Protein chains: 2
Amino acid sequence: MNLVLFEPDELAAPLPRADARARHILEVLRRQPGDSFDAGVVDGPIGKATLVAADDALTLSFAPTHTPPPLPPITLLLGLARPQTARDLLRDATTFGAAALHFVATERSDRSYGQSSLWTSGEWRRQLLVGAAQAFDTRLPVVTWAHTLADVLAEPVAPATTRLALDNYEATAPLGAVAPASGPVQLALGPERGWGPKDRAQLRDAGFTLVHLGTRVLRVETACIAALAIVHGRRAS
Amino acid sequence: MNLVLFEPDELAAPLPRADARARHILEVLRRQPGDSFDAGVVDGPIGKATLVAADDALTLSFAPTHTPPPLPPITLLLGLARPQTARDLLRDATTFGAAALHFVATERSDRSYGQSSLWTSGEWRRQLLVGAAQAFDTRLPVVTWAHTLADVLAEPVAPATTRLALDNYEATAPLGAVAPASGPVQLALGPERGWGPKDRAQLRDAGFTLVHLGTRVLRVETACIAALAIVHGRRAS
């Protein structure tokens, strides 16, 4: 937890000692009344929080210093994955920085994954908070998990969006050779069992280029980090 | 398990049904006597194994088809990490392909991590096997965990080796801008608490360039995947 994140309505109220953030402030950061630490408001400013008092609950004050920049215009389309894999994707994609994550039903994804408690309990959002705190950012991506690949492909996109889909079988270029140096990017990764022929036809019809990350077969969560590293790296350098 | 890996001396002997590979062959791949599946010999050939008989143990035959290429000349120097983090590093670096992984004591690494059962029980090697099977490769990197950073830096390296160290604080260039298109690479990643001033001096004295992956703070295991994706991507494209 590099940055302790609070919802906008939480900062004025006392923070119960049982809250994981309270324990982090007292036990990991070892802050005492009068000490300050890095904090942020979800989708708002970063600043310094001060521990004013530590009784049954913590009393905090917050002084914003700056607002982080908008998230980069990178949208991920991810085949619905097993909950454990989806957890990693939610957290790590947020750490890298992406404006939206759409978990979509594809030809070979298991639709039951969309009914997992990861989604129904709200745990998905806690993974975003972990990812943002790691990255020292307050901004969270938009997340959806109830649409099909075709639904999301039919949505309008910003002008000059580069559309790239990872594919182990029919890719025509390495991702690093075609990722753009600027502009919006949509990056699609299939589910664990890969894209089906209908998925590929839909992606191609929507203007996606099929790209690869080399000849080695990566786990979905590893491929997602690798692809984001390359897309971000091309934008930065 | 994309490839079922066997040690050289295992192929002639019956495979007990309780072995994880036997269960994978019978229950996941659903192979019956006469069926074949992708298999490989550790640090040896890839080929087709045939399930000859399934009694108390499985009888297998193996027909090699080809030998995978050597691992790329990429060496990782990794600050000794918590066992859970080291597990991910061992598995994922092997999946990407690296010739050697040196887990080293640094100024801010916890030396007790080197006494973890991950190392003493031999579990570290099982993580390599998982990583290689995922990548459809038989080759395992050389792994060490008993040296200091200075020890490993003092070892001779191949001519024209590019030496790069990730650093959140004193990096002078993005990794993507300096990773070479060919030739041997040594890539150093600090422990979770980062490099100390003595580590940085040793790295600089040994000719390392300090590089970054952007402004966002990544977990060590995420940074390792990201860095390998960029280094491999530069070589491939």
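Predicted model only: the values in this text are computed from it and were never measured. (Residues numbered from 1 in each chain as written. Chains lettered and ligands numbered in written order. Predicted model: local features only at pLDDT ≥ 70, side-chain atom pairs only at ≥ 80, totals over all residues.)

1. Focus on the overall build of chain A
Note the following rule: Put simply, DSSP marks the helices as runs of H or I at least four residues long and the strands as runs of E at least two long, and each gets a number from the N terminus on. Residues are defined as contacting one another if the C-beta atoms placed from their backbone atoms lie within 7 Å.
Scanning chain A from N- to C-terminus turns up 8 helices and 12 strands. Projecting the C-alpha coordinates of chain A onto the three principal axes gives extents of approximately 60 × 40 × 35 Å. Across chain A, every contact between residues at least 6 apart in sequence was considered, and the portion connecting residues at least 24 apart equals 73%.

2. Concerning the sheet that holds strand β8 (residues 142–148) of chain A
Residue and element names in this part refer to chain A. Under the convention used in this document: A pair of strands is treated as paired once DSSP finds two or more bridges between them. Only the contacting stretch of a helix is used when fitting its axis, a line to C-alpha atoms as for every element, and angles between N-to-C directions run 0 to 180 degrees.
With parallel pairing, 7 strands are arranged side by side in an open sheet as β8-β7-β6-β11-β9-β12-β10. Of all the strands in the sheet, the pair left with one neighbour each is β8 and β10 (173–174). Pairing between strand β9 (residues 162–166) and strand β11 (residues 185–189): 4 bridges, direction parallel. Directly across from Leu-164, in β11, lies its bridge partner Leu-187. Packed onto the sheet, helix α8 (residues 220–236) meets β6 (74–79), β9 and β11 and runs at close to 160° relative to β11.

3. Notes on the confidence of the model for chain A
Condition: Within a predicted model, pLDDT stands for the predictor's per-residue confidence, ranging from 0 to 100.
Scored by pLDDT, chain A has a mean of 95; 100% of the residues are at 70 or more. Interface confidence in the predicted complex, given as ipTM, is 0.90; pTM for the same model is 0.92.

4. Focus on the interface of chain B and chain A
Our working rule: Side-chain classes are defined by residue name, with Ala, Val, Leu, Ile, Met, Phe, Trp, Tyr, Cys and Pro counting as nonpolar, Asp, Glu, Lys and Arg as charged, and the others, Gly among them, as polar.
Between chain B and chain A, the residue contacts involve 28 residues of the former and 29 residues of the latter. Of all the secondary-structure elements, those providing two or more residues to the side of chain B that touches chain A are α2 (83–96), α4 (123–135), α6 (175–178) and α8 (220–236) of chain B. Among the elements that take part in the side of chain B that touches chain A, α8 of chain B stands out by supplying 8 residues, more than any other. A per-class count over the side of chain B that touches chain A returns 14 nonpolar, 10 polar and 4 charged.

5. Brief notes about α8 of chain A
Since the α-helix packs 3.6 residues into each turn, any two residues three or four apart lie on the same face. Convention followed: By definition here, a helix of n residues has an expected span of 1.5 Å times n minus one. Partly exposed residues are those whose C-beta has more than 12 but fewer than 20 other C-beta atoms within 10 Å; with 20 or more the residue is buried, with 12 or fewer it is exposed, and the C-beta atoms are placed from the backbone.
Here α8 of chain A spans 24 Å end to end across 17 residues, near enough to the 24 Å set by a 1.5 Å rise per residue. Among the 17 residues of α8 of chain A, 15 are classified as buried, and the element is accordingly described as predominantly covered.

6. Things to note about unusual backbone geometry
Residue and element names in this part refer to chain A. Phi is positive for Asp-43, which is not a glycine, with a value near 60°. Within the element layout of this structure, Asp-43 appears in the loop between β3 (36–41) and β4 (46–54). With 16 C-beta atoms counted inside 10 Å, the residue Asp-43 sits in the partly exposed group. Residue Phe-136 is not a glycine yet carries a positive backbone phi of 65°. Within the secondary structure layout, Phe-136 lies in the loop between α4 (123–135) and β8. The class of Phe-136 is partly exposed, set by 16 C-beta atoms lying within 10 Å.

7. Concerning the pairing of strand β6 (residues 74–79) of chain B
All names here are of chain B. The buried fraction of β6 is high, at 6 of 6 residues. Burial along β6 is two-sided: the face carrying Ile-74, Leu-76 and Leu-78 and the face carrying Thr-75, Leu-77 and Gly-79 are both buried. As judged from the 5 bridges shared by β6 and strand β11 (residues 185–189), these two strands associate in the parallel manner. In the strand pairing of β11, Leu-77 is matched with Ala-188. When β6 meets strand β7 (residues 100–105), the two strands line up parallel, connected through 5 bridges. Paired with Leu-78 across the strands is Phe-103, a residue of β7.

8. Focus: the sheet that holds strand β12 (residues 209–212) of chain B
Strand order in the open sheet formed by 7 strands is β8-β7-β6-β11-β9-β12-β10 (chain B), with parallel pairing between adjacent strands. The outermost strands of the open sheet, each flanked by one partner alone, are β8 (142–148) and β10 (173–174) of chain B.

9. A word on helix α7 (residues 197–205) of chain A
Residues and elements named next belong to chain A. Heads up, the rule is: By arc we mean the arc of the directions from the helix axis to the C-beta atoms, nothing more.
Along α7, the positions that sit buried rather than exposed are Asp-199, Gln-202 and Leu-203. On an axial view of α7, the arc spanned by its buried residues comes to 100°, and they lie on one face. Turned more than 90 degrees away from the buried face of α7, the exposed residues are Pro-197, Ala-201 and Asp-205. Residues of α7 that are buried sit in contact with α5 (149–154), β9 and β11. In the segment just after α7, Gly-207 is the residue with positive phi, at about 90°.

10. Quick word on the relation of the copies chain B and chain A
Each of the two copies of the chain can be brought onto the other by a rotation about an axis and a shift along it. The condition that has to hold: Superposing the copies works by least squares over the C-alpha atoms of residues that have pLDDT at least 70 in both of them.
Take chain B, turn it by 180°, move it 0.0 Å along the axis, and it overlays chain A with an RMSD of 0.0 Å. The superposition operator between the copies reduces to a two-fold rotation axis. When C-alpha positions in chain B are compared against the rotation axis, the closest is assigned to Ala-226 of chain B, at 2.6 Å.

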